[in-house]
Amino acid sequence: MRHMNQSDTSNSRALVWFHRDLRNFDHAALYHALRNHRQVFCAFVFDTEILETLPARTDRRVEFIRESLVELDAALRKDGGALVVCHGKAREEIPRLAAQLDVAAVYANHDYEPQAIERDLDVARRLQAIGISFADFKDQVIFERDEVLTQTGKPFGVFTAYKNAWLRKLNDFYLRSYPVGNYVNRLSIAPQAIGVPTLQGIGFETSNLKALRLPVGMSGGAQLFDDFSERMDRYKDARDFPAVKGVSYLSTHLRFGTVSIRELARHAWQVGGAGAETWLSELIWRDFYHQILFHHPHVVTHAWKVEYDDIRWETGAAADALFAAWCEARTGYPIVDAAMRQLNQTGFMHNRLRMITASFLTKDLGIHWLRGERYFAAQLNDYDLAANNGGWQWAASTGCDAQPYFRIFNPVTQSERFDAGGKFIRKYLPELTGVPDKYIHAPWKLPMVDQRQLGVVIGTDYPAPVVDHATVREMTLSRFRKTPG
Ligand SMILES: Cc1cc2nc3c(=O)[nH]c(=O)nc-3n(C[C@H](O)[C@H](O)[C@H](O)COP(=O)(O)OP(=O)(O)OC[C@H]3O[C@@H](n4cnc5c(N)ncnc54)[C@H](O)[C@@H]3O)c2cc1C
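Here the structure is a predicted model, which is why all the values come from computation and not from measurement.

Draft legend 1. Structural detail: the pattern of salt bridges. The tally for this structure, following the rule as stated, stands at 27 salt bridges. In this structure, R371 and D320 form a salt bridge, with 3.1 Å as the shortest nitrogen-oxygen distance. In this pair, R371 sits in helix α17 (residues 369-379) while D320 sits in helix α14 (residues 317-327), placing the two residues 51 residues apart along the sequence. A relative accessible area of 30% means that R371 is categorised as partly exposed. Residues participating in the shared-partner salt-bridge network are E49, R91, E118, D122 and R126.

See the structure below:
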């Protein structure tokens, strides 16, 4: 793989291959292709190697992508271009299309997931075999790969040290925008650009995405960011409370690149103040986990601290039943169940709740973090391997710079602290609406006479707790102590 410059443009046609960068502004690959070539085509592949791994034929993410492609295609057409949308194996479709269009080069942005790295190398090899170059660029993070290293040249494993080095390195150069608009007259329409297929056309069904009102595409990302910029100064204080509109809700847009990370980071950096600085820190966590995944791809299936692969997690029928109760929001712990309903119904879960539910699965139920990680991967609209894996290994204490294993969230006190009035719980567990605030976090403590009077009999109308927190806490401590870590 190589980067091209103007001298490479003897054949002045190029193809830009979009994947998790569904926008036509501040786009590294698109910018470089336009600058270097006189005729530029654009393509996206609904990659069957990915689609076939999805657990259901109704998937909000596929619909989010499809809707965002419709907007991207329309935006490109306004500038005289258009999107070719293929359905097949990207590793075959891209070289085929590149050959048909007789381009000199294919341009794309970097991806850091092991499977994507392998796919892109394969595409580059196949292109090379037919005399076409492959040029790829950093786009979805501020700093990638080896750009932020320790003084001894090693990847960071501790977030605070990484963050300090990241901030030291940051300057206008890394936050600059790619001025795609300077060259848009070079966009061209390929004969294969016949519109974006319907969901049914690629074997999927409509999900509840529209009903959820999650705005899609570049316009949706901009709308959410405008809304959040007004609230950014309150982020530090508001971000931990799931019943409060305190976070940005931009994660799905960051996942699919309908917003530009540079634009968001630049804004937070320039605005400054406690809220913006805290939010910028979250964007740095995102870079941090991407570089962890890039440097340590073993984390996909193994503990980052490899010695924790020896932890004896619960298995067998009893563990399977507990896992099902967790997935289906039947643990008897209202904050956990409300969070799991939010996930199952909307594909989103608030960060505080991701930490609580992940801790509950691994440390209260003693179930392997990978099972939870895979469940989230199937459900989350914003599912991102680097962040999800990082978050799970953090909560399970198996990851880099993770929560120490002896810090075990108490689901009741977490609930009292972060959903004090039970507003979030009642939103997703209407069966508990009548439970007084005093008992909403632990309804099994409600006297039986009150349970009957309120029509919320624990064990009948709402589950009894599947485990006793104090007991399982001790089991978890001993599980970790037995593992040399
Ligand atoms: C167990 C677990 C699993 C997670 N899985 C994912 C996932 O699959 N995809 C995902 O994008 N985030 C994941 N996160 C991180 C975080 O929960 C979400 O990014 C956040 O809740 C999304 O909401 P938001 O966009 O309103 O976030 P904001 O609070 O507004 O943060 C802004 C952005 O910063 C990034 N960010 C925030 N927190 C983190 C973090 N801890 N790690 C990495 N990036 C972060 C996200 O891109 C987010 O959109 C996970 C966290 C945990 C604990």
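Draft legend 2. Looking closely at the site of the ligand. The ligand sits among 27 residues. The nearest are Y235, S248, Y249, N351 and D382. Here an oxygen atom of the ligand sits 2.5 Å away from a polar atom, N or O, in the side chain of S248. Across the complex, the protein chains shield 95% of the 820 Å² of accessible surface that the ligand would expose by itself. Those elements giving two or more residues to the shell around the ligand turn out to be α11 (251-256), α13 (273-295), α16 (351-364) and α18 (385-395). Ranked by residue count, the leading element in the shell around the ligand is α13, at six residues. Two domains each provide a minimum of three residues to the shell around the ligand, namely domain 2 (140-177 + 219-295) and domain 3 (306-481).

Draft legend 3. Here's a closer look at the packing of helix α12 (residues 261-271) against α13. Relative to each other, α12 and α13 sit at 145 degrees, their axes nearing to 8 Å. For the pair α12 and α13, the sense of crossing is left-handed. From α12, I261, L264, A265, A268, W269 and V271 reach across to α13, where they touch G273, A276, W279, L280, L283 and R286. Looking at the contact of α12 with α13 residue by residue, the classes come out as 10 nonpolar, one polar and one charged.

Draft legend 4. Main features of the sheet that holds strand β5 (residues 133-137). Taken together, five strands build an open sheet; the order of strands is β3-β2-β1-β4-β5 and the sheet is parallel. On the outer flanks of this sheet lie β3 (83-88) and β5, each paired with one strand and no other. For this sheet the average axis-to-axis angle between neighbouring strands, irrespective of direction, equals 25 degrees. Two strands pair when backbone bridges link them, and strand β1 (residues 13-18) and strand β4 (residues 105-109) are joined in this way by three bridges, in the parallel orientation. Residue V16 lies in a different strand from β4, and its bridge partner there is Y107.

Draft legend 5. Here's a closer look at the domain arrangement of the protein. By domain assignment, the protein separates into domain 1 (6-139), domain 2 (140-177 + 219-295) and domain 3 (306-481). Measuring from the centre of the C-alpha atoms in domain 2 to the corresponding centre in domain 3 gives 27 Å. Opposite the 20 residues of domain 2 that make contact, domain 3 presents 21 residues. Of the roughly 1,800 Å² buried between domain 2 and domain 3, counting both surfaces, carbon and sulfur atoms make up 64%. A per-residue breakdown of the area domain 2 buries against domain 3 is headed by D240, P242 and Y289, which together make up 34% of the total. There are one salt bridge connecting domain 2 and domain 3. Taken together, domain 2 and domain 3 are joined by six residue pairs in polar contact (both at pLDDT 80 or more). Within the residue set of the side of domain 2 that touches domain 3, elements represented by two or more residues are α6 (159-169), α11 and α13.

Draft legend 6. The arrangement of the environment of W166 in detail. Here W166 is to be found in helix α6. Taking the C-alpha atoms as reference points, W166 and V148, 18 residues apart in sequence, are found 6.3 Å from one another. Here W166 is in contact with I142, F143, V148, L280, I284 and D287, once residues within four sequence places are set aside. Polar side-chain contacts of W166 include one of 2.8 Å to the side chain of D287.

Draft legend 7. The nonpolar core, seen in detail. By size, the foremost hydrophobic cluster in this structure holds 92 residues, and its most contacted members are I142, W166, W279, W326 and M340. Ranked by residues supplied to this core, first place goes to α13 with nine residues. Both domains that furnish three or more residues to this core are identified here as domain 2 (140-177 + 219-295) and domain 3 (306-481). When neighbours within four sequence positions are excluded, I142 is seen to be in contact with E147, W166, L170, Y174, L175, I261, R262, A265 and D287. V40, L54, A75 and L83 belong to the second largest nonpolar core, which has 40 residues in total.

Draft legend 8. Up close: the side chain of R91. Here R91 lies in helix α4 (residues 90-101). Accessibility expressed as a relative area gives 13% for R91, which makes it buried. Here the side chain of R91 touches E49 through a polar contact of 2.7 Å, side chain to side chain. If we skip the residues at most four places from it in the chain, R91 touches E49, E118, R119, D122, V123 and R126.

Draft legend 9. Looking closely at the pairing of strand β2 (residues 39-47). A large share of β2 lies buried, amounting to eight of its nine residues. In this structure, β1 lies alongside β2, joined through six bridges in parallel fashion. Paired with W17 across the two strands is A43, which belongs to β2. By the bridge criterion, six bridges tie β2 to β3 in an arrangement that is parallel. For V45, the partnering residue across the bridge sits in β3 and is C86.

Draft legend 10. Representation of the packing of aromatic side chains within the structure. Evaluation of the coordinates by the stated rule reveals 34 aromatic pairs. One aromatic cluster is present, built from ring pairs that chain together F156, F159, Y162, W285, F288 and Y289. The aromatic ring of F173 is capped on one face by R176, whose charged end is 4.0 Å from the ring centroid. Positioned over the ring face of F348 is R354, at 5.4 Å from the centre of the ring.

Each value, and the rule that gives it
Residues numbered from 1 in each chain as written. Predicted model: local features only at pLDDT ≥ 70, side-chain atom pairs only at ≥ 80, totals over all residues. Heavy atoms only, no water. Salt bridge = Lys/Arg side-chain N within 4 Å of Asp/Glu carboxyl O. Helix = DSSP H or I, 4+ residues; strand = E, 2+ residues; numbered from the N terminus. Buried < 20%, exposed > 50% of the residue type's maximum accessible area, 1.4 Å probe, protein only. Near = heavy atom within 4 Å. Polar contact = N/O pair within 3.5 Å; in protein donor to acceptor, adjacent residues only side chain to side chain. Areas by Shrake-Rupley, 256 points an atom, 1.4 Å probe, with all protein chains shown as cover. Domains from an automatic or database assignment. Axes fitted to C-alpha atoms, helices over the stretch in contact; angles between N-to-C directions. Left-handed = near helix turned anticlockwise from the far one by under 90°. Contact = heavy atoms within 4.5 Å. Nonpolar A, V, L, I, M, F, W, Y, C, P; charged D, E, K, R; others polar. Pairing = 2+ DSSP bridges. Buried area = accessible area lost by both parts, 1.4 Å probe. Core = buried A, V, L, I, M, F, W, Y, C linked by side-chain atoms within 4.5 Å. Phe/Tyr/Trp six-rings, centres within 6.5 Å; stacked < 30°, edge-to-face > 60°. Lys NZ or Arg CZ within 6 Å of the ring centre and 35° of its normal.

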